[in-house]
Amino acid sequence: MKERYPRLEINLAHLKHNVARVVERCGSYGIQVAGVIKGATGDVEVARQFAEGGAAFIASSRLEQIEDARNAGIDKKMMLIRIPMLSEVKDVIRLTDISLNSELEVIKALNEEARNQGKLHKVILMADMGDLREGWWDKDELVDVAEYIENKMINIQLVGIGTNVGCYGSILPTVEKLEELVELAERIEARLGRELEYISGGATSSLLRVWDGNIPKRINLLRVGEGILLARDMDVFYHYDISDLCQDNFRLKAEVIEVKDKPSHPVGEVGVDAFGHTPVYADRGIRKRALLAMGKVDYGDPAELLPLEKGIEILGASSDHTIVDVEDAEKDYKVGDIMEFDINYATLIYLTNCRNVHIAYV
Ligand SMILES: *Cc1c(COP(=O)(O)O)cnc(C)c1O
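Scope of this entry: the structure provided in the associated data block. Everything numeric in this text was worked out from a predicted model, so none of it was measured.

1. Describing the packing of aromatic side chains
For step 1, the next point in the chain: Scanning the model with the defined rule gives one aromatic pair in all.
For step 2, the next point in the chain: Consider the rings of F57 and Y198, whose centres lie 5.8 Å apart with planes at 70°: the pair is edge-to-face. Of this pair, F57 sits in strand β3 (residues 57-60) while Y198 is found in strand β8 (residues 198-200), placing the two residues 141 residues apart along the sequence.
For step 3, the next point in the chain: Note on F57: relative accessible area 6%, which makes it buried.
For step 4, the next point in the chain: Residue classification places Y198 among the buried positions, given a relative accessible area of 9%.
For step 5, the next point in the chain: Stacked on the ring of W211, the Lys or Arg R25 has its end atom at 3.9 Å from the ring centre.
For step 6, the next point in the chain: Sitting over the ring of W137, K139 keeps its end group 4.7 Å from the ring centre.

2. Description of helix α5 (residues 104-116)
For step 1, the next point in the chain: Its 13 residues give α5 an end-to-end C-alpha distance of 18 Å, which sits within 8% of 18 Å, the value for a rise of 1.5 Å per residue.
For step 2, the next point in the chain: V106, I107, L110, N111, E113 and A114 are the residues of α5 that are buried.
For step 3, the next point in the chain: Packed against the buried residues of α5 are α4 (89-95), β5 (98-101), β6 (121-127), α6 (139-152) and β7 (156-163).

3. What about the site of the ligand?
For step 1, the next point in the chain: K38, T204, R223, G225 and E226 are the nearest of the 14 residues found near the ligand.
For step 2, the next point in the chain: One of the side-chain N or O atoms of R133 is found 2.9 Å from an oxygen atom in the ligand.
For step 3, the next point in the chain: Here a nitrogen atom of the ligand and a side-chain polar atom of R223 are 2.8 Å apart.
For step 4, the next point in the chain: Within the complex, 90% of the 380 Å² of free accessible area of the ligand lies under protein.
For step 5, the next point in the chain: The residue inventory of the shell around the ligand, partitioned by class, reads six nonpolar, three polar and five charged.

4. Side note on the pairing of strand β2 (residues 32-36)
For step 1, the next point in the chain: In terms of burial, β2 is a largely internal element, four of the five residues being buried.
For step 2, the next point in the chain: Across four bridges, β2 lies against strand β9 (residues 221-224) in parallel orientation. Of the residues in β9, the one forming a bridge with A34 is R223.
For step 3, the next point in the chain: Judged from the three bridges that link them, β2 and β3 form a sheet pairing that is parallel. The residue bridging G35 from the neighbouring strand is I58, located in β3.
For step 4, the next point in the chain: Crossover connection from β2 via helix α2 (residues 44-53) to parallel β3: handedness right-handed.

5. Observations regarding the pattern of salt bridges
For step 1, the next point in the chain: Counted under the stated rule, the structure contains 30 salt bridges.
For step 2, the next point in the chain: Here R194 makes a salt bridge to E150, at a shortest N to O gap of 2.6 Å. Here the residue R194 occupies a position in the loop between α7 (175-192) and β8, and E150 occupies one in helix α6, the gap between them amounting to 44 residues.
For step 3, the next point in the chain: Given the relative accessible area of 29%, R194 is considered partly exposed.

6. Some words on the side chain of D128
For step 1, the next point in the chain: Residue position: D128 is located in the loop between β6 and α6.
For step 2, the next point in the chain: Look at D128: it is buried, it has no salt bridge, and the nearest opposite charge is K139 at 6.1 Å.
For step 3, the next point in the chain: Engagement of the side chain of D128 in a polar contact is seen with the backbone nitrogen of G130, the distance being 2.8 Å.
For step 4, the next point in the chain: Apart from the residues within four sequence positions on either side, D128 is in contact with R133, E134, G135, W136, W137 and K139.

7. Regarding the side chain of S102
For step 1, the next point in the chain: Turning to its location among the elements, S102 is positioned in the loop between β5 and α5.
For step 2, the next point in the chain: Contact partners of S102, with chain neighbours within four places excluded, come to I83, G135 and W136.

8. Quick look at the environment of L291
For step 1, the next point in the chain: Among the secondary structure elements, L291 is positioned in strand β11 (residues 286-292).
For step 2, the next point in the chain: Separated by 32 residues in the primary sequence, L291 and V259 have C-alpha atoms spaced 6.4 Å apart.
For step 3, the next point in the chain: When neighbours within four sequence positions are excluded, L291 is seen to be in contact with E255, V256, I257, E258, H321, T322 and I323.

9. Structural notes on the environment of M339
For step 1, the next point in the chain: In this structure, M339 sits in strand β15 (residues 338-342).
For step 2, the next point in the chain: Taking C-alpha positions, M339 is 18 Å from Y350, a pair spaced eleven residues apart along the chain.
For step 3, the next point in the chain: Not counting residues up to four positions away in its chain, the partners in contact with M339 are L252, K253, A254, L292, I312, V324, V326 and Y333.

Rules and cut-offs
Residues numbered from 1 in each chain as written. Predicted model: local features only at pLDDT ≥ 70, side-chain atom pairs only at ≥ 80, totals over all residues. Heavy atoms only, no water. Phe/Tyr/Trp six-rings, centres within 6.5 Å; stacked < 30°, edge-to-face > 60°. Helix = DSSP H or I, 4+ residues; strand = E, 2+ residues; numbered from the N terminus. Buried < 20%, exposed > 50% of the residue type's maximum accessible area, 1.4 Å probe, protein only. Lys NZ or Arg CZ within 6 Å of the ring centre and 35° of its normal. Expected span 1.5 Å × (residues − 1). Contact = heavy atoms within 4.5 Å. Near = heavy atom within 4 Å. Polar contact = N/O pair within 3.5 Å; in protein donor to acceptor, adjacent residues only side chain to side chain. Areas by Shrake-Rupley, 256 points an atom, 1.4 Å probe, with all protein chains shown as cover. Nonpolar A, V, L, I, M, F, W, Y, C, P; charged D, E, K, R; others polar. Pairing = 2+ DSSP bridges. Right-handed = clockwise from strand over helix to strand, strands pointing away. Salt bridge = Lys/Arg side-chain N within 4 Å of Asp/Glu carboxyl O. Lys, Arg positive; Asp, Glu negative; His and termini not counted.

From the geometry alone we can't say anything about function, so treat these as descriptive.
See below:
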């Protein structure tokens, strides 16, 4: 059978290499890695690389992905990293070993359900250190909740605290921020009279502290997705040397369905495009353009696509078409040719969520 397009090729060996390298570097600071699979929509072969590469947990924001990993026989502790919905508490207990939490009401429901299912469920309490997504802002309240769980709940085990940065508020995991988290953990430990098992100091952006070698000693768990899957952010945004990680784990391939010389400015009276917008079109005269059989439905935003070949410019897209200027391309594109792209995190999420995109493992 002919290969089908659009096609997302996943290099499993390279992916596993990244898992192992990040696990090793974190391990040298006594840090465990939760492998976050949501960036690839929980693709089970991707999840398997996280498991085989040495991640301590398989983590996702979505229970469906965790269930798929379990059904695929992946034998790791499963972690839910989005605050549970009250409506999914039953499945949280059924499918996961540990969850991140920020509402006492939810933890009470988890306790109740864990008792029904005869289980002990672990929780990490999230502290908001300034990024303003999930977590307790009022740290006194967080300490009180920790004490309440410790003394009042039988089927919930408080195993640690954690934070998330760099998601909504673009806050960096500086040494000071992470030390603040450790201080908070120590306040809780003083109240409980025991040590917490985990202090979870963030996601990929916290790897910057591992690479710098200045991550506070007691941080011992990171939840890493992007830094393993694509390993782009640390390089592109922060210019860190990540030459020991592979950056070609995912490749997008699309098929050319039309090649023609056309004007660069639309001809006729201008209204709105397929999405109700009125873009500005530059007039550069007649240009050679290729039409690709993939569109916003497949990848989200065409501006995020990264053509692998020089001289290719993405002009725009509608739901199922992408329009590319190939006037200056090195290759002489013809109908049926395949164009290749590197991708970023947002694109990866769309591609792996789209049933029109054919995933191939290489
Ligand atoms: C998505 C997510 C992560 C992983 O983020 P990356 O930047 O991909 O490493 C970690 N923790 C939480 C709570 C998340 O939602």
